[in-house]
Amino acid sequence: MADHDQLRADFESAGQGHVFAWWDELGERARRRLARQLAAVDLSRLRELHAAVTALAAPHARSLAPAPVFELADRGFPYALADAARAVAPIGDKALRDGHVAALLVAGGQGTRLGFDGPKGCFPVLPLTGMTLFEVFARKLRRVGLEHGVTPPLYIMVGTHNESATVNFWQDNNFFGLEPDDVKFFAQGEMPALDAEGKLVMASRDALFSGPDGHGGVLQALHVKGMLADMRARGVRCLSYLQVDNAQTPVADSAFLGLHIAQGAEVSLKVVRKQDPTEKVGIYCLDDGVPGIVEYTEFSEAQSNERAGNDLRYWAGSIAVHAFNVDFLTRLAQNGTDLPLHAAHKKVPHVDRDGNTVEPAAPNAYKFERFIFDTIPLAGNVMCLEVPREEQFLPVKNTDGPHSPEGFKQAYQDYFGKAVETATGKRPPAIEVDPLAAENAREVIELAKDAAGWDLTKPLHILG
Ligand code: UTP
């Protein structure tokens, strides 16, 4: 009980004593759970949370300039990456053959906008079979293994809210043909929320509200959960970072990895051309001369519309696909580097001071997240590669619109249907490409050369 008294005193002196409001009425188990949760809150960091809220209200002025990008060599379908990238693809292939590459899949988000009841990775995404996002990534990795003789290990970041559902899903599906020992799950950290008065939000009388600490939480989670050590023990030097909701992204892109290595980059990223000045995408650019991603909200209207010839001046939209050197992440983590916290004003269900449950109709509290792209300004050297949008960026985020499941299916089938049409002159009514068979239009066009048996009057399933 003495420990609880100390905890209570600490929270009271930090102006957060209200979290004990119902302590006296709680049973022993509920008290222990709440105390465990509170003990994990670093009160010395409340100031950092308040600073993030202030920064949200008054973003600082930016001195921006475009940053160098390796642009597409051919913008016509089926597209070609920069010559410089294609030239060094053998370097990426060698890194894969030598077992120097692992895939890092972040899947710890809450997927609120999609509204799917379960981890987002369990969402059935492909148009004919309903293959799930997780299986798509697993099959892509198996293909890399077949082609290079080594299957990169897969590190999956989960949140405490979806950890057991995710692990069970992979176990129930026999790891989709991957070696169980090569699939590592690790849980990211949590962050509390603050109300308008700067008080910690209670989810119920016996629990603090908390949510995952953002995809940038991966830095600390990789370190504290021993994943960086595991990578070093396996000889992994470079990570291919992927987000679970973008099924079109290659899991180990030789040209991208090759250029990352050849350029001596510590962090690399892929960008697509912004569709129009209003598209809500973070832009890769120089901020006070330092490369990084600047959020669309921080651009003035004039900057968003600024032109350089026929193009937007700030066109390089980040698709959150990266390559990271394990040494770089280890250095950051061992130096205790924390990525900055970003506040977001959100609707957070909670109990009010009278103990009533409230489902707010409008944003009522600040949630806090760290963003993976905040590693970019910390890197000694950064490489950025432009990729074709429909080839590598079709995320499933929302219930409606282009980034919805239906929007995905349409864009996916347009893209691969166009590949079949380019090769054969005919487009099937529907199409799915097994990730074991091909992952882009150029590969489908190659496969179509031996496609005498394809019946293009029916939905076409290209099997691996
Ligand atoms: P989003 O930013 O789209 O968030 O995540 P989300 O949680 O999936 O969806 P919403 O915003 O609640 O609708 C992009 C990627 O980053 C991962 C997600 O799982 C997704 O792969 N992510 C996000 C994490 O791993 N942890 C987080 O705390 C946040």
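Residues numbered from 1 in each chain as written. Predicted model: local features only at pLDDT ≥ 70, side-chain atom pairs only at ≥ 80, totals over all residues. Heavy atoms only, no water.

Engineer: Would you explain the overall build of the chain in this entry?
Structural biologist: A tally of regular secondary structure across the chain gives 15 helices and 23 strands. The C-alpha atoms of the chain give a radius of gyration of 24 Å, which matches the 23 Å a tight globule of 464 residues would have. Each principal axis of the C-alpha distribution contributes one length, and for the chain these read about 75 × 50 × 45 Å. Per-residue burial for the chain yields a buried fraction of 53% across its 464 residues. Restricting the contact set of the chain to residue pairs at least 6 apart, pairs at least 24 apart contribute 75%. Of the roughly 20600 Å² that the chain leaves accessible, carbon and sulfur atoms contribute 48%. Charge centroids of the chain, computed over 47 positive and 61 negative side chains, lie 1 Å from each other. (Helix = DSSP H or I, 4+ residues; strand = E, 2+ residues; numbered from the N terminus. Rg over C-alpha atoms; globule rule 2.2 N^0.38 Å. Buried < 20%, exposed > 50% of the residue type's maximum accessible area, 1.4 Å probe, protein only. Contact = heavy atoms within 4.5 Å. Areas by Shrake-Rupley, 256 points an atom, 1.4 Å probe, with all protein chains shown as cover. Lys, Arg positive; Asp, Glu negative; His and termini not counted. Charge placed at Lys NZ, Arg CZ, Asp CG, Glu CD.)

Engineer: Can you help me understand the pairing of strand E13 (residues 290-294) in this one?
Structural biologist: Within a regular strand, the side chains alternate between the two sheet faces. Two elements, strand E12 (residues 283-287) and E13, share 5 bridges in a ladder whose sense is antiparallel. Across the sheet, the residue bridging to Tyr284 is Ile293, located in E13. In this structure, the hairpin formed by E12 and E13 is closed by a connection of 2 residues, where Asp288 is found at a positive phi of approximately 55 degrees. (Pairing = 2+ DSSP bridges.)

Engineer: Sorry, what's going on with the side chain of Gln392 here?
Structural biologist: Relative to the elements of secondary structure, Gln392 occurs in helix H13 (residues 389-392). A polar contact is formed between the side chain of Gln392 and the side chain of Lys270, at a distance of 2.7 Å. Look past the residues within four positions of Gln392 in its chain and what remains in contact with it is Asn246, Gln248, Thr249, Pro250, Asp253, Lys270, Ile319 and Val387. (Polar contact = N/O pair within 3.5 Å; in protein donor to acceptor, adjacent residues only side chain to side chain.)

Engineer: Explain the side chain of His322 to me, please; I cannot follow it from the model alone.
Structural biologist: Mapped onto the secondary structure, His322 falls in strand E16 (residues 316-325). With relative accessibility at 1%, the residue His322 sits in the buried group. Among the polar contacts made by the side chain of His322, one reaches the main-chain carbonyl oxygen of Ser268 at a distance of 3.2 Å. The contacts of His322, once residues within four sequence positions are left out, are Leu239, Ser240, Tyr241, Phe256, Val267, Ser268, Leu269, Ile372 and Ile376.

Engineer: In this structure, what is going on with the sheet that holds strand E6 (residues 194-195)? I would like to understand it.
Structural biologist: Adjacent strands of a sheet form backbone hydrogen bonds with each other and so pair up, either parallel or antiparallel. Pairing within the open sheet is antiparallel, and its 3 strands lie in the order E6-E20-E17. This sheet does not close on itself; its edge strands, each paired only once, are E6 and strand E17 (341-346). Pairing geometry for E17 and strand E20 (residues 365-370), over 6 bridges, is antiparallel. Note that in E20 the partner of Ala343 across the bridge is Phe368. Helix-sheet contacts for helix H3 (residues 46-57) involve E6, E17 and E20, and the interaxial angle to E17 is about 65 degrees. (Axes fitted to C-alpha atoms, helices over the stretch in contact; angles between N-to-C directions.)

Engineer: What is the right way to look at the pairing of E20 in this model?
Structural biologist: By the bridge criterion, 2 bridges tie E6 to E20 in an arrangement that is antiparallel. Directly across from Leu194, in E20, lies its bridge partner Tyr366.

Engineer: What am I meant to see in the layout of surface pockets here?
Structural biologist: To find leftover empty space, one rolls a probe the size of a water molecule over the atoms. Estimates place the volume of the second largest pocket at around 590 Å³. Lining the second largest pocket we find 30 residues, and of these Ala40, Gly189, Glu190, Met191 and Pro192 sit closest to its centre. Secondary-structure elements contributing two or more residues to the lining of the second largest pocket are H3, strand E5 (190-192) and helix H8 (218-224). Of the residues forming the lining of the second largest pocket, the biggest block, 4 residues, is contributed by H8. Here the residues of the lining of the second largest pocket sort into 13 nonpolar, 9 polar and 8 charged. (1 Å grid on protein atoms, 1.4 Å probe; cavity = no way out; pocket = protein on both sides within 12 Å on 5 of 7 lines; lining within 4 Å. Points joined across faces, edges and corners; volume = space filled by probe spheres on them. Nonpolar A, V, L, I, M, F, W, Y, C, P; charged D, E, K, R; others polar.)

Engineer: Could you clarify how one ought to interpret the site of the ligand in this entry?
Structural biologist: Close to the ligand lie 18 residues, the nearest being Gly108, Thr112, Arg113, Gln188 and Lys397. A distance of 2.8 Å is found between an oxygen atom of the ligand and a backbone nitrogen or oxygen belonging to Gly214. For the ligand, whose free accessible area comes to 570 Å², the fraction covered by protein is 89%. (Near = heavy atom within 4 Å.)

Engineer: I'm lost on the packing of aromatic side chains in this one. Help?
Structural biologist: Geometrically, a pair of aromatic rings is defined through the distance of the ring centres and the angle of the planes. Considering all chains together, one arrives at 17 aromatic pairs under this definition. Taken together, a centroid distance of 6.4 Å and an interplanar angle of 45 degrees make the contact between Trp170 and Phe175 tilted. When sorted by exposure, Trp170 lands in the same class as Phe175, which is buried. Judged by centre distance (6.2 Å) and plane angle (70 degrees), the rings of Trp170 and Phe185 are edge-to-face. Of the two residues, Trp170 is situated in helix H7 (residues 163-172) and Phe185 in strand E4 (residues 183-187); the sequence distance between them amounts to 15 residues. Overall, the relative accessible area of 18% leaves Phe185 in the buried class. An aromatic cluster is present here, built from Phe77, Tyr79, Phe408, Tyr412, Tyr415 and Phe416 joined pairwise through their rings. Here the guanidinium or amino end of Arg273 rests over the ring plane of Trp315, the centre of that ring lying 3.7 Å away. Stacked on the ring of Phe299, the Lys or Arg Lys274 has its end atom at 6.0 Å from the ring centre. (Phe/Tyr/Trp six-rings, centres within 6.5 Å; stacked < 30°, edge-to-face > 60°. Lys NZ or Arg CZ within 6 Å of the ring centre and 35° of its normal.)

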